[in-house]
Amino acid sequence: MPQRIALVDCNNFYVSCERVFEPKLKDTPVAVLSNNDGCFIARSNEVKALGVPMGAPAFQYKALIRKHGIRLFSPNFELYGDLSDRVFATLRPFTEGLEIYSIDEAFARLPQMSPEDSEIYGREIRQTILKATGIPVSVGIASTKTLAKVALALLKQTPEKTGVLDIDSLPDLDARLDGLPVREIWGVGHAFAGRLDRLGISTAGELKRADQGQIRKVLHVVGLRTVLELNGYPCLTLEEAHDPCQSVLCSRSFSREVKTFAELSEAVAAFTARAAEKLRKECRVAGVIRVFVETNRFREKEWYENMKSAALPRETNGTPDLIAIALSALKQIYRPGRNYKRAGVLLLELRDERFLQPDLFGSAEEMKREVELMKVLDAINNRFGRGTARFLAEGIQQSWKMKRPMKSPAYTTRISEIPVAKC
DNA sequence: TCTGGGGTCCTAGGACCC
DNA sequence: TCTGGGGTCCTAGGACCC
């Protein structure tokens, strides 16, 4: 019997998180915007039905927002991350292996059972997660990851909202695949869909039956794997272990345009500090740091972007060393007279911090002191909130900082913000 | 006026080496 | 006049995902 893979996907996840703590928002139009309240990054079904696409800029929909009373939120990733942890902790006991794929979805290996039984099992998972966390999920079940994704796509087409589908329970699967646009397939993006269209392939069914040699030529091995998976041959394994990360990125758009080197360097220092913090949390050290800046690509006639990578004299995850290198890299790409809208810091060539060793001219003592200092810094910021203790280079006012005026409280992670029950 | 952020993997092409 | 072949490493860019 082939393996059973379930894809558990949280419905409209960020919106669902907000609704957990404001139940009256159920069945009303709700959306979550990106930082600076720029774009739609999550939409309730009601907002989707109004025709607001994913990633749409909010300012273009002002009239619609007002007309339908769409309730907007600034993003609250602290809340979403915590609820995500709870959802997957609830899911885990139902599975024989779990791959947490993103903040709102996970692949799970299910015990062997028939499609009928697996749907019953899926509904039990759904009920349990809903009861434990308040988050509604959908479950797609199949013999490969790609087909489990297809099951979810087919689920969305069906009017009856059971929320669970085992693809092998469908008597008319081939007909359903012929009705599914190829762009809906996991692994087929904008560019691949265009190339497939030129081959006369526009549906999932056609892709499944496509000539594999031709696919390999046009979409390379990545596309070939997708075709094999559609045919029930697993090519993508369940990645149960959390792979150590290969890179750490911190980038932000500014709330306004930034002109001076002083302000830009504050921002880059702050992003570096944040990236270093993430690095330490993952117990990694970086060998290379890359800094990039960008003007507003929607407005500037002469759009400017540039980046500079710099090797670190020794691998580290200490904020002061990283800031020093980042700022000297920034100096090389900063051009006066530009209006910068975005900047970022990328840490690369990461390694496990256990392999850290002092460089030829540094002392082990010094290194130890730095590690201790970072531990204290992280402990303070964990306890009292991010940025409580920071480096002067990051600035004090930080007036360029992104804005989140409509953010909900950190209901589940800050003692001062937990909901209060009133009788 | 106002357009997100964080990742991974793969390929192509150039530099360089023997 | 005649000017190889194979390998690795690096980087940039493309493609995908949520």
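Every chain begins its residue count from 1, and numbering advances along the sequence as written. Just so you know, chain letters begin at A and ligand numbers begin at 1, following the order they were written in. The predicted nature of this model means local features are confined to residues of pLDDT at least 70 and side-chain atom pairs, given and counted, to a pLDDT of 80 or more, with totals for whole chains, interfaces and linings taken over all residues. Water and hydrogen atoms were dropped before computing side-chain values, which therefore reflect all heavy atoms in the structure.

Draft legend 1. Quick peek at the overall build of chain A. Within chain A, the regular secondary structure consists of 13 helices and 13 strands. Our radius of gyration is a C-alpha quantity, and the globule rule it is checked against amounts to 2.2 Å times the number of residues to the power 0.38. Compactness check: chain A gives a C-alpha radius of gyration of 24 Å against a globular reference of 22 Å for 423 residues, within 12% of the reference. Its C-alpha atoms put chain A at 70 × 60 × 50 Å along the principal axes. Think of it in three bands: with a 1.4 Å probe and only protein chains considered, a residue is buried below 20% of the maximum accessible area for its type, exposed above 50%, and partly exposed in between. By residue count, 46% of the 423 residues in chain A fall in the buried class. For helices the rule is a DSSP run of H or I covering at least 4 residues; for strands it is a run of E covering at least 2, with both sets numbered from the N terminus onward.

Draft legend 2. Here's a closer look at the protein's contact with DNA strand B. For this description, a residue counts as near a given molecule or strand if any of its non-hydrogen atoms is within 4 Å of it. For DNA strand B, the set of nearby residues contains 27 residues, the closest of which are Leu249, Ser251, Arg252, Ser253 and Arg299. Near the protein, meaning within 4 Å, the atoms of DNA strand B are sugar or phosphate in a fraction of 69%, with bases accounting for the rest. Pairing of N or O atoms within 3.5 Å defines a polar contact, subject to two protein rules: one partner must be a possible hydrogen donor and the other a possible acceptor, and residues neighboring in sequence count only if both atoms are side-chain atoms. For DNA strand B, a phosphate oxygen lies 2.9 Å from a polar atom in the backbone of Gln246. In this structure, Ser253 approaches DNA strand B through a main-chain N or O atom, which is 2.7 Å from a phosphate oxygen. Those elements giving two or more residues to the surface near DNA strand B turn out to be α10 (212–230), β9 (248–258) and β12 (340–348).

Draft legend 3. Geometry of the packing of aromatic side chains. Put simply, two rings from Phe, Tyr or Trp (the six-membered ring, in Trp's case) pair if the centres are within 6.5 Å, and we call them stacked under 30 degrees between planes, edge-to-face over 60, tilted for the rest. Taken as a whole and judged by the stated rule, the model has 16 aromatic pairs. Ring plane angle 50 degrees and centroid distance 6.0 Å describe the contact between Phe13 and Tyr14, whose orientation is recorded as tilted. Like Phe13, the residue Tyr14 is buried in the burial classification. Arranged with centres 5.8 Å apart and planes meeting at 85 degrees, the rings of Phe77 and Tyr80 form a pair that is edge-to-face. Placement of the pair is Phe77 and Tyr80 together in helix α4 (residues 77–91), with a separation of three residues, close to one helical turn. Note on Tyr80: relative accessible area 0%, which makes it buried. Put simply, the rings of Phe13, Tyr14, Phe77 and Tyr80 touch in pairs and so form one group of aromatic residues. In this structure, Lys145 is placed above the aromatic ring of Phe107, and the distance from its NZ or CZ to the ring centre is 4.9 Å. Cation placement over rings: the criterion is NZ of Lys or CZ of Arg within 6 Å of the ring centroid and within 35° of the ring normal.

Draft legend 4. A look at the sheet that holds strand β8 (residues 164–166). Any two strands between which DSSP finds at least two bridges are classified as paired. With respect to topology, five strands assemble into an open sheet ordered β5-β6-β1-β7-β8, the strand pairing being mixed. Looking at strand neighbours, the two that pair on one side only are β5 (97–102) and β8, the edges of this open sheet. Direction aside, the axes of adjacent strands within the sheet are offset by 15 degrees on average. Where α4 meets the sheet, its contacts fall on β1 (4–10), β5 and β6 (105–110), and the angle it forms with β5 comes to roughly 160 degrees. Every axis in this analysis is a line fitted to C-alpha atoms, fitted for helices over the stretch in contact. Angles between the N-to-C directions lie between 0 and 180 degrees. Contacts are assigned to residue pairs that have any heavy atoms within 4.5 Å of one another.

Draft legend 5. Looking closely at the domain arrangement of chain A. Start and end positions for the domains come from either an automated domain assignment or a database one. The domains assigned to chain A are domain 1 (4–167), domain 2 (171–230) and domain 3 (248–394). Using only C-alpha atoms to locate each centre, domain 1 and domain 2 end up separated by 25 Å. Domain 1 puts 13 residues into the contact, and the matching count from domain 2 is eleven residues. Summed over both partners, the accessible area lost on bringing two parts together, with a 1.4 Å probe, is the buried area. Between domain 1 and domain 2, a total of about 1,100 Å² is buried, with carbon and sulfur atoms accounting for 68% of that surface. Salt bridge criterion: a side-chain nitrogen from Lys or Arg within 4 Å of a carboxyl oxygen from Asp or Glu. The interface formed by domain 1 and domain 2 contains zero salt bridges. Linking domain 1 with domain 2 are four residue pairs in polar contact (both at pLDDT 80 or more). No other element matches helix α6 (residues 145–157), which puts eight residues into the side of domain 1 that touches domain 2. Charged means Asp, Glu, Lys or Arg here, nonpolar means Ala, Val, Leu, Ile, Met, Phe, Trp, Tyr, Cys or Pro, and polar covers whatever is left, Gly included. In terms of residue class, the side of domain 1 that touches domain 2 is made up of seven nonpolar, four polar and two charged.

Draft legend 6. Highlighting the protein's contact with DNA strand C. Looking at DNA strand C, there are 14 residues lining it, with Asp104, Lys149, Gly187, Gly189 and Phe192 nearest. A share of 100% is what sugar and phosphate atoms reach among the atoms of DNA strand C within 4 Å of the protein. Side-chain polar atom of Trp186 to a sugar or linking oxygen of DNA strand C: 3.3 Å apart, as the coordinates give it. At 3.4 Å from a phosphate oxygen of DNA strand C is found a main-chain nitrogen or oxygen belonging to His190. Looking at the surface near DNA strand C, the elements with two or more residues in it are β5 and α8 (190–198). It is α8 that contributes the most residues to the surface near DNA strand C, four residues altogether.

Draft legend 7. Quick look at the side chain of Thr90. With respect to the helices and strands, the residue Thr90 is situated in helix α4. Sequence-distant contacts of Thr90, defined by excluding residues within four places in its chain, comprise Thr128, Ile129, Ala132 and Thr133.

Draft legend 8. Representation of the packing of α6 against α10 within the structure. Contact pair α6 / α10: the axes reach a minimum separation of 7 Å and the direction vectors enclose 70 degrees. By the angle between their axes, α6 is roughly perpendicular relative to α10. The crossing of α6 and α10 is right-handed. From α6, Lys145, Thr146, Leu147 and Val150 reach across to α10, where they touch Thr226, Glu229 and Leu230. Residues of the contact of α6 with α10, tallied by class, amount to three nonpolar, two polar and two charged. Roughly parallel means an angle under 35 degrees; roughly antiparallel, over 145; roughly perpendicular, 65 to 115; everything else is oblique. Two helices that cross are described as forming a left-handed crossing if the nearer one is turned anticlockwise from the farther one by less than a right angle, and a right-handed crossing if clockwise.

Draft legend 9. Main features of the side chain of Thr146. Within the element layout of this structure, Thr146 appears in helix α6. Using a relative accessible area of 1% as the deciding quantity, one classes Thr146 as buried.

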